[in-house]
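Descriptive structure summary
In case you want the letters, here they are:
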Amino acid sequence: MKRRSFIKKTAAATAFMASSSYIYGNIMSNINANGTINLGVIGTGDRGGGLTTIINSIQNLNVIASSDILPFRLKTGLSKANSNPIGYLDYRELLDNKDIDAVIIATPFNTHSKIAIDALDAGKHVYCEKTLAKGYQGISELVNKTNQSKQIFQTGHQYHSSRLYTAVVDLIKQGKVGKIIAFECQWNRHTNWRRPVPDPKLEKAINWRMYREFSGGLTAELCSHQIDFVNWVLNETPNQVMGVGGVDYWKDGRETYDNVHLIYSYSNGVKAKFTCLTSNGKDGYQIKVIGDKGTIIIDTKNAWFYPEGKKKDKVIDDVDGVSGATSQWDNDKGSKIDIEHLDPSKQALLDFKDAILNNKCPESNVITGAKAAICVQMGLDAMQCNKIVKWNSKLLI
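Small disclaimer: the values here were computed from a predicted structure and weren't measured.

1. Some remarks on the confidence of the model for the protein
Across the protein, pLDDT averages 89, with 86% of residues at or above 70. Long-range and interchain partners of residues 1-29, a stretch whose pLDDT sits below 50, account for 84 contacts in this model, where long-range means more than four residues apart.

Below, the structure written as structure tokens:
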């Protein structure tokens, strides 16, 4: 591949972001001649271990090292790789390994910014799990460092890579639902999120999602995916958010809320509602895009279109009028939108690989990730301070 460099400018809602640019160049210098990318996985809990398993199935992606501060979790993470990786208790030693081209960061939310900055300084490409960073300062510092780096940076909002979601976004922008009126998003579960702790000293290391020092709770861990989707569809960020939440069901000493209810308002009048429960799992994960011509309903694997003002009794519905393709009509969800697509996490890793090999900015990048992260922090501030929080264009200056 010829050496090249280019600047990709991304419009953003803040003055800081508006002046930001990505500068990539000579990124292939450490990649093997056969195009194999050697990865280090930092954080080998459920997410890091899960991604390791997926990487096993992707050609020319190779986990050669893993890191975790908990020895038993590191051992489990290492066992999930089919490539006999090296284990490190200190991620900085992993970053010193010159054979590693890129890292996957799947650590607690509050550590993302520091680890990602260190990885970029070490010359590694970065795939950083959502939510991008905790707090406005952490977000700002990471965006600034990425803008100064030549490395590829991808935020792990995997649905931003889903070809189903990409097709749905295209349909919406082509006017499928008409003028967008509102979004209704939920991610409901019936689980307390608590994990067994072999030693009380490890409570916060294992159940970090329950403590505000480390976590943004449901808003950061779940709602962030859907917030990213709404920003993507509207191509803007909200001007304010209001919300409530509480620890109202699981009385076990946790600090992060077991239920959250947020409403983000956008400048075009669209309102986006986000609900996340841990005491009732009805309908699970769902996004409704509501327009004056119809509604699109999306879950993790499927999507449906229900035209406004039309009730259909027939079972078979003509999809395109050309190929003769048909779809099943669901009285609750309308016509299914049939799009072939991979598991979103696998697609996200394939996109990361492609971005590195072809020297291009991922669709789910540091700017889209920063926008969602700011929205998450705004939502947390709104609930915890019981106030309306407005978008501040000076947040990242």
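2. Brief notes about the packing of aromatic side chains
Tallied over the entire structure, the rule returns 8 aromatic pairs. Relative to Tyr285, the ring of Trp187 lies with its centre 4.7 Å away and its plane at 90 degrees, an arrangement referred to as edge-to-face. One end of the pair, Trp187, is in strand S9 (residues 180-187); the other, Tyr285, is in strand S13 (residues 285-291), with 98 residues separating them in the sequence. Residues Trp187 and Tyr285 agree in their burial class; the two are buried. In this structure an aromatic cluster arises from ring pairing among Tyr159, Tyr165, Trp187, Phe229, Trp232 and Tyr285. Over the aromatic face of Phe305 sits the side chain of Lys176, whose NZ or CZ is 4.5 Å from the ring centroid.

3. So, the sheet that holds strand S5 (residues 86-88)
Sheet architecture is open: 6 strands sit in the order S5-S4-S3-S6-S7-S8, paired in parallel fashion. Edge strands, defined here as strands with exactly one partner in the open sheet, are S5 and strand S8 (153-156). If you compare each strand with its neighbour and ignore which way they point, the axes differ by 25 degrees on average. Bridging between strand S4 (residues 61-67) and S5 involves 3 bridges; their strand directions are parallel. Bridge pairing in S5 links Ala65 to Ile86.

The rules we used
Residues numbered from 1 in each chain as written. Predicted model: local features only at pLDDT ≥ 70, side-chain atom pairs only at ≥ 80, totals over all residues. Heavy atoms only, no water. pLDDT = per-residue confidence, 0-100. Contact = heavy atoms within 4.5 Å. Phe/Tyr/Trp six-rings, centres within 6.5 Å; stacked < 30°, edge-to-face > 60°. Helix = DSSP H or I, 4+ residues; strand = E, 2+ residues; numbered from the N terminus. Buried < 20%, exposed > 50% of the residue type's maximum accessible area, 1.4 Å probe, protein only. Lys NZ or Arg CZ within 6 Å of the ring centre and 35° of its normal. Pairing = 2+ DSSP bridges. Axes fitted to C-alpha atoms, helices over the stretch in contact; angles between N-to-C directions.

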